[in-house]
Amino acid sequence: MIALEGRAMAMSDIERLLAIEEIKRLRARYCRFLDTKRWADLPALFTPDAEFWGFASCPDGSSFEGWRDGVKSRLSDVVMFHHCHSPDIVFLDDMTARAVWAMEGYLEWPEPLGLAEAPEARGLRGFGHYQDEYRFEDGNWKIAHIRFCTMRMGTLHTSMPKQALPTAPVQSGWLPDE
């Protein structure tokens, strides 16, 4: 038995490492499903009571539905990608884990956004972190809480050339367990 932060854990070292890998895959799917606008696939990644904090597309404490609807409305015409890396994952107990992920995001709209602080901006490039909490439910790790922490946000000016080549997103179902 391993004691972590004063909590007794029954998970073996191998079980903990496997859980970490499952959580990494969960975060990767979050980024991929968001970037490829696989809105219908996103609910499977979250607990029913998931909360969202720090997103411009929804109020703090929003439910999954509030977050998804806000993101879908704000980002439907956007070319985007999110990179999450360098996870620091800690287990609070055998059924709950928390992580901090470094992130970079790129969002490009077809036309300027009309932001008061940057009227000529056609997109954003941001850097920061995600603070997540995960719960093991129904045989899978799921996201129960996300806090988006922006450390640097820059704008893409209208002088930046628009996407000229066709894009080719990852095909749905490429991985057999999706």
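Note that the structure is a prediction, hence the values are computed from the model and not measured.

1. Focus: the nonpolar core
Phase 1: If you look at the biggest cluster of nonpolar residues, it comprises 39 residues, and the most contacted ones within it are Tyr30, Phe46, Trp67 and Phe91.
Phase 2: Of all the secondary-structure elements, those providing two or more residues to this core are helix H1 (13–35), strand E3 (46–53), helix H2 (64–75), strand E4 (79–93), strand E5 (96–108), strand E6 (121–137) and strand E7 (140–157).
Phase 3: When residues in this core are grouped by element, the largest group, eight residues, is from H1.
Phase 4: Ignoring anything within four residues of it in the chain, the contact list for Phe46 reads Tyr30, Phe52, Phe64, Trp67, Lys142, Ile143 and Ile146.

2. Considering H1
Phase 1: Compared with the 33 Å implied by 1.5 Å per residue over 23 residues, the 33 Å span of H1 between its first and last C-alpha is a close match.
Phase 2: Within H1, burial applies to Arg16, Ala19, Ile20, Ile23, Leu26, Arg27, Arg29, Tyr30, Cys31, Phe33, Leu34 and Asp35.
Phase 3: Of the residues trailing H1, Lys37 is marked for its positive phi of about 60°.

3. Concerning the sheet that holds E5
Phase 1: The sheet built from five strands is open, its strands ordered E3-E7-E6-E5-E4 with mixed pairing. Unpaired on one side and paired on the other, E3 and E4 mark the two borders of the sheet. Averaged over all neighbouring strand pairs, the angle between strand axes comes to 20°, with direction disregarded.
Phase 2: Summarising the sheet, E3 and E7 pair through four bridges and their orientation is parallel. By the bridge assignment, Phe52 is partnered in E7 with Ile146.
Phase 3: This element, H1, spans E3, E4, E5, E6 and E7 of the sheet and lies at about 155° to E4.
Phase 4: In the packing of H2 onto the sheet, contacts are made with E3, E4 and E5, and the angle to E3 comes to roughly 60°.

Rules and cut-offs
- Residues numbered from 1 in each chain as written.
- Predicted model: local features only at pLDDT ≥ 70, side-chain atom pairs only at ≥ 80, totals over all residues.
- Heavy atoms only, no water.
- Core = buried A, V, L, I, M, F, W, Y, C linked by side-chain atoms within 4.5 Å.
- Buried < 20%, exposed > 50% of the residue type's maximum accessible area, 1.4 Å probe, protein only.
- Helix = DSSP H or I, 4+ residues; strand = E, 2+ residues; numbered from the N terminus.
- Contact = heavy atoms within 4.5 Å.
- Expected span 1.5 Å × (residues − 1).
- Pairing = 2+ DSSP bridges.
- Axes fitted to C-alpha atoms, helices over the stretch in contact; angles between N-to-C directions.

Everything listed here is a matter of coordinates, which is why it stays silent on function.
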